[in-house]
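# An overview of the molecular structure
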Amino acid sequence: MTKQLDRTRWIRGLALAAATLSFCLGSMLPADYAEAQELRYQRRSILDFFLGRRYIDENPQPEMRDQPRRQQQPRRRPPTQKAVTPMRTTPVAPAEPVVQKQENAQKILVVGDFLAGGLGDGLAAAFETSPGVVVEARSNVSSGLVRDDYYNWPGELPKMINELKPAMVVVMIGTNDRQQMVTDAGKEKFRTDGWFTEYQRRVLAFGKEITSRKIPLLWVGLPAFESDSMTADAVQMNQLYRNQVESIGGEFVDIWDGFVDENGKFIVTGSDVNGQQVRLRTADGVNLTQAGRRKLAFYVEKPARRLLGTQASPDLVRLDPGNLPALTLPANPMEHTQPISLSDPSLDGGAELLGASRTPVTLTKSPRDLLVEQGEMAPAPTGRIDDYRMPTPKTAAEVSVK
């Protein structure tokens, strides 16, 4: 009994000493550290103090069990600033100013099928900078001179001419005409003699509708196609167009060489108007790309400018009160008038350099004139190295004198 009492007293004394030591150490630490430790070790038994930190971490207090352990976050380095390389941008060319067309600008009427529509786009680009020219394209994609029941060009063309009053008409048609034709005599198959006879009559009548009005006509031929049969038909139809159009005073524009190679074969890629190799035809082997349309218009542009004259010049300007040149006369004309004397020597060349005068007229010809005009040369003096004359023999009198 005495031993248990002594042991209890020893434990109490040890606990009192530990509490005293803890109080002293807490008072010596900084305030913030002491407060943190007080919160951390509050309501903990003396066993927690003696068994150390491992016991505390493995047996957290009830109020701390629901909280996750705080892990030490790794220090993050500040992001290094990389040198920013300025982006290279392609310089944008300044937009060209739009040329304002004149009110009295001459009109070029372009008619025909889908190729004529592309030709109209190319001509519009060609005359974009010409204020005196306007391009009007009136094309129908699937039209032609065979199927007048689908689109009646002989009936529509006079209406367009009366409406627009063009200075010139450009025709490109025929790609859709490779088919059966219905005539008064019946149906004619393509490539037969009857078909070509009727087609020739329709081409001639279509062209006369333009030339009879004293309007210049440019008929553009067909290009080569990827299909060999279409190319062969285009050659035959171009010959028909040329003969009929030239017979009524029109002009046939041959574009064939621009869309074939040196052997006359169809090409997809070729030279554009600037000499660069570009794609001229689309994948179907029939239509034209934008570059092909511009090249097509290149062949028409030259005769069109010749027919339109100065009206097609890009330097043509319209004079109005804002850009008229100054034509006013001076207020006092006498201030700008310098009188001269009729006897002034400067009027007859008296002030020329060194008193130059006219070369006197001679009747005899100079050695130069004799040499140039007649091929005669004056004889060399006697005894000179170029004197090739034979010496004359001396007479008896001359010998006796010596």
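Refer to the structure presented above.
My aim in this report is to walk through the structure given alongside it, one point at a time. (Residues numbered from 1 in each chain as written. Predicted model: local features only at pLDDT ≥ 70, side-chain atom pairs only at ≥ 80, totals over all residues. Heavy atoms only, no water.)

Moving on to the overall build of the chain. Along the backbone of the chain there are 12 helices and nine strands. In the chain, 66% of the contacts between residues at least 6 apart in sequence involve partners at least 24 apart. Put simply, the chain shows about 29800 Å² of open surface, and 55% of that area lies on carbon and sulfur atoms. (Helix = DSSP H or I, 4+ residues; strand = E, 2+ residues; numbered from the N terminus. Contact = heavy atoms within 4.5 Å. Areas by Shrake-Rupley, 256 points an atom, 1.4 Å probe, with all protein chains shown as cover.)

Another point: the pattern of salt bridges. Under the definition given, this model contains 14 salt bridges. Taking the shortest distance from any N to any O, the salt bridge between Asp149 and Arg147 comes out at 2.8 Å. Connected through shared salt-bridge partners, Arg178, Arg191 and Asp233 make up one network. (Salt bridge = Lys/Arg side-chain N within 4 Å of Asp/Glu carboxyl O.)

A few words on the sheet that holds strand β7 (residues 251-253). Sheet strands associate in pairs through backbone hydrogen bonding, adopting either a parallel or an antiparallel arrangement. With respect to topology, five strands assemble into an open sheet ordered β2-β1-β3-β6-β7, the strand pairing being parallel. This sheet does not close on itself; its edge strands, each paired only once, are β2 (133-139) and β7. Put simply, the sheet's adjacent strands are angled 20° from each other on average, direction ignored. Bridging between strand β3 (residues 168-172) and strand β6 (residues 217-220) involves three bridges; their strand directions are parallel. Each residue of the ladder has a partner; that of Val171, found in β6, is Trp219. (Pairing = 2+ DSSP bridges. Axes fitted to C-alpha atoms, helices over the stretch in contact; angles between N-to-C directions.)

In this section: the side chain of Thr175. Within the fold, Thr175 resides in the loop between β3 and β4 (181-183). Exposure remark for Thr175: the relative accessible area of 8% places this residue in the buried category. If we ignore the near neighbours within four places in the chain, the residues touching Thr175 are Asp113, Phe114, Leu115, Leu222, Phe225, Met230 and Val286. (Buried < 20%, exposed > 50% of the residue type's maximum accessible area, 1.4 Å probe, protein only.)

Once that is clear, we can look at the packing of helix α7 (residues 153-164) against helix α8 (residues 193-211). Interaxial distance between α7 and α8 falls to 10 Å at its minimum, and their mutual angle equals 10°. Here α7 is positioned roughly parallel relative to α8, judged by the angle of their axes. When α7 is examined against α8, the residues Trp153, Pro154, Leu157, Pro158 and Ile161 are found in contact with a partner set consisting of Phe206, Glu209 and Ile210. Looking at the contact of α7 with α8 residue by residue, the classes come out as seven nonpolar, no polar and one charged. (Parallel < 35°, antiparallel > 145°, perpendicular 65-115°, else oblique. Nonpolar A, V, L, I, M, F, W, Y, C, P; charged D, E, K, R; others polar.)

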